[in-house]
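Spelled out, the chains give:
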Amino acid sequence: MNKYLLLTPGPVNVANNVRIAIAKEDICHREVDFDLLLAGIEQKLLNVFEIKAVDDYRAVVITGSGTAANEAMLSSVVGDKKILVLSNGEFGDRLHEISKIHNHNTFVLEFPWGKSLDINIIFDYLENHPVDVIAMVHHETSSGILNSLEQIGALAKIHNAKFIVDCVSSAGAEAINVKRNNIDFFSSSSSKALGSYPGLSFVIGKTTEFEKLENYPIKTAYLNLYKFYTFLKTVSQTPNTPAVPLFFALDQALSNILEQGVANRYADLRNKANFLRSGMQKLGLKFLLHERDMCSILTSVYVPADIDVDVLRQKLRDKSIIIYEGKGCFKHKVFQVGNIGEISFEDIQFFLGIQKEILQSSNMLESNKLISLPKYVL
């Protein structure tokens with residue numbers, strides 16, 4: 001089978017050393033080998049997110065996708081109190097649906113997909129309704145919009161509410177300042193911008209907030225966040241059998257980021273996103289969002305009127321290129337192109353060239369018209 005070029009927000013093409021790491025020799029997860037592996041991953045996670053006061057935060061790792069980490073947070077940190085979910089897309093809606101299962105006092109403010117969270121509406125709601133926990137998605141993948149942690153974190157602080165954030169598709173691509181933005185817990189996963197395989201997720205939170213969970217009702221056996229924290233704190237273990245090979249892979253992916261440098265990592269992703277977007281604009285394509293509202297990893301593109309998005313995706317797949325189609329209200333209206341994982345500027349240039357050929361064959365572009373796509377120069 002040909003190697004696919006995964007231009008998606010996840011899963012992603014992984015680095016060769018990550019691929020090698022997943023095939024390391026077998027170890028027992030109840031021996032010191034795994035204790036050290038987990039402790040190393042926790043320290044690297046705190047370093048990647050530039051958490052200086054490492055004693056004030058802990059990072060638990062869960063065998064399960066990013067949704068598992070979100071459910072661990074939502075089922076463990078609310079108790080019998082009131083939670084407000086902010087949603088402007090599919091994954092905000094998912095937080096709401098998960099919370100309703102575990103928390104009777106779940107409320108939601110819904111905003112249009114692809115539009116920013118309206119800070120004035122949120123402020124008015126908090127002024128008139130007691131709220132103990134606020135939950136939101138940082139990067140809403142269904143549109144590609146990057147929601148403001150700073151604004152919502154400030155509101156949470158003013159109203160003395162805990163602030164929990166789904167950072168599944170932003171972690172590793174965007175700065176997440178837990179202290180400045182008053183974040184109590186945030187979640188993410190091993191794949192996407194961290195550049196490892198799917199199947200692991202994690203929650204980073206304040207040590208003091210983890211300790212408080214002891215007094216909260218247990219609503220789930222496997223995803224009890226306090227249980228994960230207790231095992232981590234006391235024996236550097238996970239409460240249930242972990243997917244050990246995925247831990248090796250995540251450990252290597254985190255090392256790759258730290259070796260590159262976190263700031264360099266962010267800059268590289270922004271440069272790739274800009275290169276990709278410039279090329280698509282030269283092809284006459286229009287974006288769903290203004291670039292100031294986009295994350296550094298994903299671009300949502302309007303489907304041209306005379307193009308069938310399923311045909312477009314199939315023609316790209318024939319060239320071993322995978323992109324996403326739109327979701328929900330954006331289905332058949334947009335397609336999405338990611339720029340994370342082990343992809344190069346040359347890979348992006350290859351995609352743009354193939355895309356140009358497809359558009360020309362569909363008569364969207366005049367086949368004899370010279371279009372100068374951006375060139376990447378070392």
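Structure: above.
Rules and cut-offs
- Residues numbered from 1 in each chain as written.
- Predicted model: local features only at pLDDT ≥ 70, side-chain atom pairs only at ≥ 80, totals over all residues.
- Heavy atoms only, no water.
- Pairing = 2+ DSSP bridges.
- Helix = DSSP H or I, 4+ residues; strand = E, 2+ residues; numbered from the N terminus.
- Axes fitted to C-alpha atoms, helices over the stretch in contact; angles between N-to-C directions.
- Contact = heavy atoms within 4.5 Å.
- Phe/Tyr/Trp six-rings, centres within 6.5 Å; stacked < 30°, edge-to-face > 60°.
- Buried < 20%, exposed > 50% of the residue type's maximum accessible area, 1.4 Å probe, protein only.

Now, about the sheet that holds strand β5 (residues 133-137): what can you tell me, with residues and values included?
Spatial ordering of the open sheet is given by β2-β10-β9-β8-β5-β3-β4, a layout of 7 strands whose pairing is mixed. Edge positions in the sheet fall to β2 (57-63) and β4 (106-110), since each has one partner strand and no second. Each strand axis lies, on average, 20° off the axis of its neighbour in the sheet, ignoring direction. Direction of pairing for strand β3 (residues 83-87) relative to β4: parallel, over a ladder of 5 bridges. Within β4, the residue paired with serine 87 across the bridge is glutamate 110. Helix α3 (residues 66-76) rests against β2, β3, β5, β8 (162-166), β9 (185-189) and β10 (200-206) of the sheet, and its axis sits at about 160° to β9. With respect to the sheet, helix α4 (residues 90-102) is in contact with β3, β4, β5 and β8, its orientation differing from that of β3 by roughly 155°.

Let's hear about the packing of aromatic side chains: which residues, and what values?
Here a ring pair, both rings aromatic, is described through the centre-centre distance and the interplanar angle of the planes. Evaluated as defined, the whole model comprises 9 aromatic pairs. An angle of 45° between the planes, with centres 6.0 Å apart, marks the rings of phenylalanine 49 and phenylalanine 202 as tilted. Residue phenylalanine 49 is found in the loop between α2 (32-48) and β2, and its partner phenylalanine 202 is found in strand β10; the two are separated by 153 residues along the sequence. The buried category is assigned to phenylalanine 49, whose relative accessible area is 4%. A residue is classified by how much of its surface remains accessible, and phenylalanine 202, at 0% relative accessible area, is buried.

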